[in-house]
Structures are given as structure tokens and as C-alpha cells.
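# Architecture and fold: a report
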Amino acid sequence: WMLRLLCCFLFCILVSAEEVEDCQPSSQFVEDIPCIDNTLIAKEIPFCKEFVNYPIDSRLDYTALDSLAEQQLKRFNASLESTSEQCFKNRKVLTCALAFPKCSSDPYVAFPCYDVCFNYYDSCGAAKHNASCNTYPRTDCMSYNEFVPTTNHSGL
């Protein structure tokens, strides 16, 4: 189910919000999520490890998801007009955040917040497309600063 959810979220990034009304990332209640510390699997997720600094669901196929995130980002970047370093970084943050939602014992799975999506579109010069970020939650989620601690970024 997690791979299906990931594919849905990755699809949401590439199309407008009007086309995918049913694809709404948010914190989802799931009983008894077996979380695993990110440091135990860092070698298995070489592409996303710099941004995954929190526990994730231990049932995930880490290697496959990391590879999927890397492949998806490479395909996307090949078609991207903006090739700025900040655009690539923010796209990677968003891709990895969607591939590896935060797991906690509350029991919740926290997906990236609106500002992660907004920063991606803004840094890639595609601010006119940031309406699709409205599908991202603004509470009970992971903000941009949780992935890239800084005070020098755009977003809400």
C-alpha cells in the first residue's frame, strides 16, 4: 500500500491539483506502525539519506524506494527547463520526503507540508504552478526546515 501511495504522490507533483482531487497527502492514522531509525538503514538509501533524518516505516523496501526516487528525479530533471542547483535540491527534498514519510509511535505517518512543495515550485521558476501545493497539508506534517534547516528560503 505504501508504494501505491508513493506513486500517487509522485503523480500529484507532476499534474495540476484539479486533475487529482483524490490524491491528498496528509498525516494518516495507521495502527502499530513499526518504525525504524534512519541511521540503521542509511547505507540502503544513498540517494535520500541526506534528507531522511527521522524514523521511517520498517516495512518499506528502502532500496527500491530510494532507487525509484532517484530514477523519478532523473527523468523529471531531463525535462525540466530550470537547471538551478536550488531547484534540483528542492525537487530532491520533495521527492525523498514523499518516498519516505516520517513514522512515529503516535501512530502517524507525516508527509511533507505545503511549504516543501511551494519551495520546490518557487525555486524552479514555476510559481504559477504552485496551486497544486494546495493538496499538501499545513499542519501535522513535515516542514521544509525539518529537511533543510535554514531561514533563507521562500514559502509559507
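Worth saying up front: this structure is predicted, and the values here are computed from it rather than measured.

Scanning the chain from N- to C-terminus turns up 5 helices and 5 strands. Put simply, the chain runs from its N terminus to its C terminus through helices and strands in the order α-β-β-β-α-α-β-β-α-α. Expressed as a percentage of contacts within the chain between residues at least 6 apart in sequence, the contacts between residues at least 24 apart total 68%. When the accessible surface of the chain is split by element, carbon and sulfur atoms take 50% of a total near 8200 Å².

Here we come to the side chain of Ser 132. One can find Ser 132 in the loop between helix 4 (114-123) and helix 5 (144-147). A polar contact of 3.1 Å, which involves the side chain of Ser 132, links it to the side chain of Tyr 121.

Attention now moves to unusual backbone geometry. Positioned with a positive phi, Asp 140 is a non-glycine residue whose angle comes to about 50°. Following the sequence through the fold, Asp 140 ends up in the loop between helix 4 and helix 5.

A few words on the state of the cysteines. Scanning the entire structure with this criterion turns up 5 disulfides. Disulfide pairing is shown between Cys 48 and Cys 96; the S-S distance is 2.1 Å. Handedness of the Cys 48-Cys 96 disulfide follows from its S-S torsion of about -80°: it is left-handed. One end of the pair, Cys 48, is in the loop between strand 2 (35-36) and strand 3 (56-57); the other, Cys 96, is in helix 3 (residues 85-99), with 48 residues separating them in the sequence. An identical accessibility class is assigned to Cys 48 and Cys 96; each is buried.

Grouped together as the largest cluster of nonpolar side chains are 38 residues, with contacts concentrated most on Cys 48, Val 52, Tyr 54, Ile 56, Tyr 62, Phe 100 and Phe 147. The set of elements that each furnish at least two residues to this core consists of helix 2 (62-79), helix 3, helix 4 and helix 5. Apart from the residues lying within four places of it in its own chain, the contact partners of Cys 48 are Asp 66, Ala 69, Cys 96 and Phe 100.

Evaluation of the coordinates by the stated rule reveals 3 salt bridges. The salt bridge partner of Asp 57 is Arg 59, with a shortest N-O separation of 2.6 Å. You can call Asp 57 buried: its relative accessible area is 3%. The class for Arg 59 is partly exposed, based on a relative accessible area of 44%. Measuring nitrogen to oxygen at the nearest pair gives 3.5 Å for the salt bridge that ties Glu 70 to Lys 74. Of this pair, Glu 70 and Lys 74 both sit in helix 2, 4 residues apart, which is roughly one turn of that helix.

Basis of the calculations
- Along each chain, residues carry numbers from 1 onward, in the same order as the chain's sequence is written.
- Local features in this predicted model are restricted to residues of pLDDT 70 or higher, and side-chain atom pairs are both shown and tallied only at a pLDDT of 80 or more, whereas totals for entire chains, interfaces and linings draw on every residue.
- Only hydrogens and water are set aside when side-chain values are computed; all heavy atoms of the structure are taken into account.
- Strands are runs of DSSP state E lasting at least two residues, helices are runs of H or I lasting at least four, and both sets are numbered from the N terminus onward.
- We call two residues in contact whenever any of their non-hydrogen atoms come within 4.5 Å of each other.
- The Shrake-Rupley method, run with a 1.4 Å probe, gives the accessible areas here. Residue values count only the displayed protein chains as cover.
- Contacts described as polar in this section are N or O atom pairs within 3.5 Å, which, within protein, must combine one atom able to donate a hydrogen with one able to accept it, while residues neighboring in sequence count only if both atoms come from side chains.
- Any two cysteine sulfur atoms lying within 2.5 Å of each other are counted as a disulfide.
- Type-normalised accessible area, obtained with a 1.4 Å probe on protein chains alone, sets the label of each residue: buried when under 20%, exposed when over 50%, and partly exposed for intermediate values.
- Side-chain atoms within 4.5 Å link the members of a nonpolar core, which is a set of buried Ala, Val, Leu, Ile, Met, Phe, Trp, Tyr and Cys residues.
- Salt bridges are counted wherever a side-chain nitrogen of Lys or Arg sits within 4 Å of a carboxyl oxygen of Asp or Glu.

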